[in-house]
Amino acid sequence: MSETLDLTLRVWRQPGADVAGKYVEYKLTGISTHMSFLEMLDVLNEQLHAQGDEMIAFDHDCREGICGMCSLMINGQAHGPDTGTTTCQLHMRRFKNGDTIVVEPWRAQAFPVIRDLVVDRSAFDRIIEKGGFISVSTGNAPEANAIPVPAPVQETAMDAAACIGCGACVAACKNASAMLFVSAKVSHLSTLPQGKPERSSRVQNMVAQMDLEGFGNCTNTEECSAACPAEISISNIARMNREYMRAKLCSKE
Amino acid sequence: MVTKSAEKQQPSPSASGKSATKWIMTLLSSSLGQKFVMGITGLLLCGFLVVHLAGNLLVYVGADAYNTYAHDLHSMLLLPVAEVGLFLLLFAHIALAFKLTSDNRKARHISYHEKQSKIEEPPSFFGKTPMGRTSSWMFLSGSIILIFLIVHMIDMKLHLNPAVTYTVETPEGVIEADPYSIIVQVLGSWSAAVYIIGTIILGFHLSHGFWSAFQSLGLNHPKYTPWIRKFAILFAAVIAIGFASLPIWGLFIH
Ligand code: HEM
Ligand code: FES
């Protein structure tokens with residue numbers, strides 16, 4: 001395997017939110033296989049800058065796979081070909097010399113493009129504002145063992161809490177549904193004792209906001225879970241469905 | 001994005017109030033509530049299919065058995081009620097199928113230049129695209145089933161299949177032919193081709209739909225879900241082969 005790659009990139013370029021976009025092709029030579037995908041884009045941007053061209057806008061922050069800021073549909077796959085991986089953790093050794101790589105932004109009515117590959121994911125923030133929290137009075141930290149939480153419950157909650165809110169589930173779903181994201185947040189909080197007091201209002205308000213934002217409906221194709229860098233399971237979606245029906249049919253809220 | 005977020009604010013809880021029916025309306029207009037109805041109607045329709053298949057397999061027993069079954073069924077007092085119920089189930093299922101599918105298309109208003117599945121699966125005709133999975137085809141398979149159902153109603157309810165004589169002349173006058181002779185004629189007519197395609201496509205619809213309904217209803221459990229998914233394939237195969245065998249028998253064997 002060669003240590004450097006010559007690549008063709010076909011990138012979605014869109015100067016602004018309400019402007020038409022198009023795919024633009026770029027040739028890159030001598031890309032090290034040790035680079036991450038975003039470093040490869042940095043190299044391209046330096047070249048564009050040197051030529052006096054507009055650089056490609058893309059989202060990123062931690063570059064260590066934990067913040068959920070990076071995105072990108074790479075050759076038709078959210079966060080690229082690896083499973084359980086974010087784009088910032090994808091390495092160029094996954095590609096072959098001479099490859100053509102198509103790079104697109106997340107596509108969803110609820111995630112409008114701001115510029116090039118950057119989309120507005122504040123719909124997720126508005127959903128979180130509706131119930132992705134627990135209300136506690138501050139004060140001294142309570143005794144850690146005062147509320148027993150069995151290990152399997154902790155594990156379920158922690159698995160759901162692993163969601164980094166990147167939106168890959170929406171991007172990969174053919175219906176641009178946000179149910180994996182919302183269900184992860186609902187599961188994380190409603191399985192723990194601290195989340196129980198707001199259990200009924202949380203799921204109802206979050207689902208109502210999700211619908212309002214214009215996300216699609218789950219058809220159980222499981223593409224979300226396969227694309228999720230945190231490998232959130234679709235069993236969370238079933239739990240959210242249960243929680244929702246319980247809240248609607250059995251609670252007073 | 002200040003303006004955008006302002007548009008998307010829910011009415012405040014105090015303004016919404018609580019009336020006896022309001023919660024039902026919010027439930028039925030929510031995505032999850034509609035998926036719930038989709039799942040319930042789908043499963044109840046599956047229940048109908050089992051009963052319908054069992055009854056129809058009696059053609060293999062013979063004309064008498066089939067005619068007695070049909071006669072007993074049609075002399076049941078509650079049959080019209082059951083038929084209305086069945087129609088309502090189908091209507092709700094189909095209406096929601098169109099509504100949800102159109103919502104889903106709007107949610108992905110711009111499609112991808114390229115789309116590949118990350119689900120590990122044996123290589124299929126469609127390569128790595130998600131199109132190799134029956135879950136990608138639910139609306140199309142449903143629509144084909146709908147065409148089949150329309151042909152089926154023309155044949156069996158409206159009695160308008162031109163290749164079938166629905167009446168017989170007897171010394172007492174013209175009376176309706178017995179159910180066995182009608183079904184044998186229908187299964188030997190051009191409709192049979194639609195029946196074969198329709199029922200096999202129904203199998204594909206159910207191979208995903210059956211377990212998907214459990215998921216939509218929130219019935220997921222690490223102990224049972226793997227079995228439900230296996231059973232869905234078996235169930236779909238039994239329904240498809242069972243029903244498709246009838247037109248094949250009518251065309252080639254009878
Ligand atoms: C005997 C007839 C039918 C049976 C037994 C049946 C059964 C089912 C079941 C069990 C589901 C799964 C529900 C869920 O995912 O929650 C389903 C989904 C669906 N059905 Fe049907 N169906 C039938 C006819 C139709 C027809 C005529 C259409 C018309 C277009 C249709 C369109 C759909 C669609 C679009 C879905 C949603 C797919 C999804 O959410 O994954 N079905 N069906
Ligand atoms: S940049 Fe933080 S997860 Fe990729």
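Refer to the preceding data block for the structure.
The shown structure was predicted, so the numbers you read here are calculated from the model rather than taken from an experiment.

### Structural notes on the overall build of chain B
No. 1: Each helix and strand counted, chain B has 10 helices and 2 strands in total.
No. 2: Starting at the N terminus and walking to the C terminus, you meet the elements of chain B as α-α-α-α-α-α-α-β-β-α-α-α.
No. 3: Expected size for 254 residues packed as a compact globule is a radius of gyration near 18 Å; at 23 Å, chain B overshoots this value by more than 25%.
No. 4: Along the first, second and third principal axes, the C-alpha atoms of chain B reach 85 × 50 × 40 Å.
No. 5: Put simply, of all contacts in chain B between residues at least 6 apart along the chain, 67% involve residues at least 24 apart.
No. 6: Just so you have it, chain B exposes about 14,900 Å², and 73% of that area is on carbon and sulfur atoms.
No. 7: A gap of 26 Å separates the mean positions of the 17 positive and 13 negative side-chain charges of chain B.

### A closer look at helix α8 (residues 235–250) of chain A
No. 1: With 16 residues, α8 of chain A extends 22 Å between its outermost C-alpha atoms, agreeing within 8% with the 22 Å of an ideal straight helix rising 1.5 Å per residue.
No. 2: Those residues of α8 of chain A not exposed but buried are Asn236, Ile237, Ala238, Arg239, Met240, Asn241, Glu243, Tyr244, Met245, Ala247 and Lys248 of chain A.

### Considering the pattern of salt bridges
No. 1: Using the criterion set out here, one finds 13 salt bridges over all chains in the structure.
No. 2: When the shortest N-O distance is used, the salt bridge between Arg202 of chain A and Glu198 of chain A registers 3.9 Å. Here the two residues Arg202 of chain A and Glu198 of chain A agree in accessibility, since each one is buried.
No. 3: For Glu222 of chain A, the salt bridge is made with Arg133 of chain B, and the minimal N-O distance between the two is 3.7 Å.

### Some words on the coordination of the iron atom of ligand 1
All names here are of chain B.
No. 1: The protein atoms donating to the iron atom of ligand 1 are His93 (NE2) and His205 (NE2), with metal-donor distances spanning 2.1 Å.
No. 2: Note that the iron atom of ligand 1 binds 6 donor atoms; their angles at the metal cover 85 to 179°, and the shape is octahedral. Of this pair, His93 sits in helix α6 (residues 79–107) while His205 sits in helix α9 (residues 191–216), and the two are 112 residues apart along the sequence.
No. 3: His93 gets classed as buried once you look at its relative accessible area, which sits at 16%.
No. 4: Among the residues examined, His205 registers a relative accessible area of 13% and is labelled buried.

### Here's the deal with the site of ligand 1
No. 1: The immediate surroundings of ligand 1 are formed by 24 residues, with Lys35, His93, His205, Ser212 and Ser216 of chain B found nearest.
No. 2: Neighbouring residues of ligand 1 are not confined to one chain but are distributed across chains A and B.
No. 3: Separating an oxygen atom of ligand 1 from a side-chain N or O atom of Lys35 of chain B is a distance of 2.6 Å.
No. 4: One of the side-chain nitrogen or oxygen atoms of His205 of chain B is found 2.8 Å away from a nitrogen atom of ligand 1.
No. 5: Of all elements in the fold, only α4 (31–56), α6, α7 (138–156) and α9 of chain B reach the threshold of two or more residues within the shell around ligand 1.

### Focus: the interface of chain B and chain A
No. 1: Opposite the 45 residues of chain B that make contact, chain A presents 63 residues.
No. 2: Summed over both sides, the interface between chain B and chain A buries roughly 4,600 Å², with carbon and sulfur atoms accounting for 52% of that surface.
No. 3: The tally of links between chain B and chain A comes to 2 salt bridges.
No. 4: Notably, a salt bridge pairs Glu222 of chain A with Arg229 of chain B, separated by 2.9 Å at the nearest N-O pair.
No. 5: Counting every contact that joins chain B to chain A gives 31 residue pairs in polar contact (both at pLDDT 80 or more).

### Describing the sheet that holds strand β5 (residues 100–104) of chain A
Residue and element names in this part refer to chain A.
No. 1: Pairing in this open sheet of 5 strands is mixed, and the strands run β2-β1-β5-β3-β4 from one edge to the other. The open sheet is flanked by β2 (22–32) and β4 (77–78), the only strands paired with a single partner.
No. 2: The pairing of strand β1 (residues 4–13) with β5 spans 4 bridges and is parallel. By the bridge assignment for β5, Leu9 is matched with Ile101.
No. 3: Each of β1, β2, β3 (73–74) and β5 is contacted by helix α1 (residues 37–50), which is oriented at about 105° to β2, the strand it contacts most.

So, how was this worked out
Residues numbered from 1 in each chain as written. Chains lettered and ligands numbered in written order. Predicted model: local features only at pLDDT ≥ 70, side-chain atom pairs only at ≥ 80, totals over all residues. Heavy atoms only, no water. Helix = DSSP H or I, 4+ residues; strand = E, 2+ residues; numbered from the N terminus. Rg over C-alpha atoms; globule rule 2.2 N^0.38 Å. Contact = heavy atoms within 4.5 Å. Areas by Shrake-Rupley, 256 points an atom, 1.4 Å probe, with all protein chains shown as cover. Lys, Arg positive; Asp, Glu negative; His and termini not counted. Charge placed at Lys NZ, Arg CZ, Asp CG, Glu CD. Expected span 1.5 Å × (residues − 1). Buried < 20%, exposed > 50% of the residue type's maximum accessible area, 1.4 Å probe, protein only. Salt bridge = Lys/Arg side-chain N within 4 Å of Asp/Glu carboxyl O. Donors = N, O, S within 2.8 Å, 3.2 Å for Na, K, Ca; no water. Tetrahedral: all angles 85-135°; square planar, octahedral: opposite > 155°, others 65-115°. Near = heavy atom within 4 Å. Polar contact = N/O pair within 3.5 Å; in protein donor to acceptor, adjacent residues only side chain to side chain. Buried area = accessible area lost by both parts, 1.4 Å probe. Pairing = 2+ DSSP bridges. Axes fitted to C-alpha atoms, helices over the stretch in contact; angles between N-to-C directions.

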